[in-house]
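# Survey of secondary and tertiary structure
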Amino acid sequence: MQRVRHRQLEFAFAADPEEGRGHAGSWGVPEAKAWLRQIARAKGPSSPTAEAADTGRLLEEIASGPILAKALLNVAANKGAAGVDGKSVEEVVLNVRSLLPKLQHALLRGRYRPGDVRRVWIPKPDGKGQRGLGIPNVIDRWVGEATRLVLEPIFEPLFHDSSHGFRPERGAQSAIAEAKRYVEEGYSVVVDLDVAKFFDRVNWQRLLARLAQRVDDKRVLRLIHRMLRAKVVMPDGTKIRVVEGTPQGGPLSPLLSNVVLDELDWELDRRGLRFVRYADDANIYVRSQRAGERVMESTRRFIERRLRLKINEEKSSVTTPDKVHFLGFRLMTLRNGSVHVYLSERSHRRLMRRIRELTPRNWGNSLVKCIEGLNEYLTGWEAYFDLCTRPAASRWPHYDAHIRRRLRAIVVKQRKRPRFLYRHLSKRGVSKASAAMTAFSRKGTWAKSNMYGLNHAYPNAWFAARLISLWGRWQYRHPTWPSQSVSDGQLLLFS
C-alpha cells in the first residue's frame, strides 16, 4: 500500500516546480484554468446514454482531454481541503499541463491507483454526535468527477422521478413540491425512513452488480472498485481497511448512492406507493396510521434483506407531515384544508443557534465585520428556505428583529462602562437624557439593547442599509404572492 501511495504522488505532481510554467510569462491558476476551459470546449467523444448500445469503451471517454479538463474545473470550483498527500486544489491546477497526459496514460494503462482517504469528523446539524467525512486526494477527486461525468448520462434517465437528491435540475424545491402535492391529495400520514450510516454500509457486491447491468467496460468497474477499497486515514494517523461503504465527500459517491437506492424506488413504485426520496431520506405518504405501520414494516424488511442496509430506528417513524423534518421543512395543513411549507422545528433551532454563534456578546471586532459574517450566512439560508410559503415566512420579521437586537447588545457590551456607552450614544445623536437613561440603567445588556437610546442610535433604517433582511428578501422573491386578504386555499407553493 505504501508503494502505491508514492506512485500516485510522483505521477500527480511535477518533480521540478518550474515544470508547470507556460512558454511565455508566468503560469498561474487563472492561466491554468483558461487553458483547461479551452481543452474542455474541444470536441470529445459523445456521452453515452441509457439507450446506447456500446458502453464497453467508457474508460477512453473518462481519460479524454475534454472530460478530464471539465472534471478538474468542477473540482476547482468546489474548492475543498487537501487530502492525505497535503496537495491543494491550486497545486494540482498549477501542474495541470504536466499532470494531464500522465493521468491519461495511467488510466488507459490501468496503472492509476487511488490514494488513501482522509477522515475528518464534523458535528451533526442537530448537535448530537459527529458525522464522518472522507476527503480523497485532489487527484482522486479529479478522477472521481470525470467518472461521474461519463456515468451520469447513462444512469440518470433510469432513475425514478420521485428521487430528487444529487440529480441535475432537481433538489429540495422539487422534492418539497411533490411531497406537498401528496398531502393535498389526502395522504396525511408519513412513513419517515432514514437509512442508518448509509454511506458507510453500502454493499460493494450489490453496487458493482447494479453498475454492471449498464456498464460493459470492466476497466471502469475495476477503477470504481479501487476507489471504494481506498484505505481510510483517521485523524490520529491510524489506517483502516474498509470492506463496505463509499467515501462520503467524494464526487462519485452521490451517484453511487442513487444507483444503490434506485432499487428501493422501483420497489415502492411497484407496490403503488407515493413517496419522495432525497439521498438516504425517504418519505412514503399513505392515508392512515395503520397503513403506515404496515408499509414501515414491509419496507424495513426489503431494505435489510434485499439491500443489506439498516433502518435508523431513532429517526424513522410513522407520523403526520407537520412533525417530520424533511430537508429542513415541514408541511402544515391549516383549518381550511390548505397545505403550507413551514420551517421544521429543528431548522428553527439551528437558525437561532447559528445567529447566537455569529453575534457573540464578546465580539472583539467592529460591528461592520460582524454584519458581514451575518450577511454571508443569511444570504445562503434565505435562498434555501425561500420555499416557505407566506404563513410561514410572515414570521421572519421576528428573526430580523432578533438579529438587530443582538447586534445592539454587542454595541452595549463593547462600551464596557456606562459612561463610555453614554458618550457613544450622544455622538450617535441621542439626547443626553435618553442616553443617560439607557447607559446608566441598572438593567443588563440584553435589556439595554432594546431601550430607546439604542433603538434611536441604531434604528432599523441603519441596519436596512447594511444588514440583509430575511423578510425583505422573501418579499422581493415573491412580488406577486397574494395578500393576506386572499383565501388561504388560493395560495400556491411557488409564485
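Structure first, text after, so check above.
The text that follows walks through the structure, step by step, so that each part is easy to find. Worth saying up front: this structure is predicted, and the values here are computed from it rather than measured.

## Some thoughts on the overall build of the chain
When helices and strands are counted, the chain shows 23 helices and ten strands. A fraction of 73% describes how many contacts in the chain between residues 6 or more apart in sequence connect residues 24 or more apart. When the accessible area of the chain is evaluated, it comes to approximately 24,700 Å², of which 49% is carbon and sulfur surface.

## Some points on the packing of helix α10 (residues 204-212) against helix α12 (residues 253-270)
As a packed pair, α10 and α12 sit with axes 10 Å apart at the nearest point and diverge in direction by 90°. Here α12 runs roughly perpendicular to α10, going by the angle between their axes. On α12, the residues that touch Arg206, Leu207, Arg210 and Leu211 of α10 are Leu256, Val259, Val260, Asp262 and Glu263. Its residues placed into classes, the contact of α10 with α12 shows five nonpolar, no polar and four charged.

## Considering the sheet that holds strand β2 (residues 130-135)
Sheet architecture is open: four strands sit in the order β2-β1-β4-β5, paired in mixed fashion. What marks the edges here is a single partner per strand, and that holds for β2 and β5 (239-240). As paired elements, strand β1 (residues 117-123) and strand β4 (residues 232-233) share two bridges and run parallel to each other. Bridge pairing in β4 places Val117 opposite Val232.

## Details of a positive patch on the surface
Residues Arg417, Arg419, Arg423 and Lys427 make up a contiguous surface patch of positive charge. By the element assignment, Arg419 lies in helix α18 (residues 418-427).

## Focus on the environment of Pro418
As for its placement among the helices and strands, Pro418 is situated in helix α18. The spatial distance from the C-alpha of Pro418 to the C-alpha of Ala439 is 4.9 Å, given a sequence separation of 21 residues. Aside from chain neighbours lying at most four places away, what touches Pro418 is Ala439 and Phe440.

## Quick notes on the nonpolar core
Trp142, Leu151, Leu211 and Ile224 are the most contacted members of the largest nonpolar core, which has 76 residues in total. Sorting elements by how many residues they give to this core places helix α7 (residues 138-155) first, with ten residues. With near-sequence residues (within four places) excluded, Leu211 lies in contact with Phe155, Leu221, Ile224, Leu256 and Val259. Phe329, Leu387, Ala457 and Trp462 belong to the second-largest nonpolar core, a separate cluster that totals 56 residues.

## As for unusual backbone geometry
One non-glycine residue, Lys79, adopts positive backbone phi at about 60°. Considering the arrangement of structural elements, one finds Lys79 in the loop between α4 (65-78) and α5 (89-94). Even without glycine at this site, Arg308 takes up a positive phi of about 60°. Relative to the helices and strands, Arg308 is located in the loop between α13 (289-306) and β8 (317-319).

Procedures and definitions
- Residues numbered from 1 in each chain as written.
- Predicted model: local features only at pLDDT ≥ 70, side-chain atom pairs only at ≥ 80, totals over all residues.
- Heavy atoms only, no water.
- Helix = DSSP H or I, 4+ residues; strand = E, 2+ residues; numbered from the N terminus.
- Contact = heavy atoms within 4.5 Å.
- Areas by Shrake-Rupley, 256 points an atom, 1.4 Å probe, with all protein chains shown as cover.
- Axes fitted to C-alpha atoms, helices over the stretch in contact; angles between N-to-C directions.
- Parallel < 35°, antiparallel > 145°, perpendicular 65-115°, else oblique.
- Nonpolar A, V, L, I, M, F, W, Y, C, P; charged D, E, K, R; others polar.
- Pairing = 2+ DSSP bridges.
- Patch = residues over 30% accessible without salt bridge, like charges linked within 9 Å, V, L, I, M, F, W, Y side chains within 5 Å.
- Salt bridge = Lys/Arg side-chain N within 4 Å of Asp/Glu carboxyl O.
- Lys, Arg positive; Asp, Glu negative; His and termini not counted.
- Charge placed at Lys NZ, Arg CZ, Asp CG, Glu CD.
- Core = buried A, V, L, I, M, F, W, Y, C linked by side-chain atoms within 4.5 Å.
- Buried < 20%, exposed > 50% of the residue type's maximum accessible area, 1.4 Å probe, protein only.

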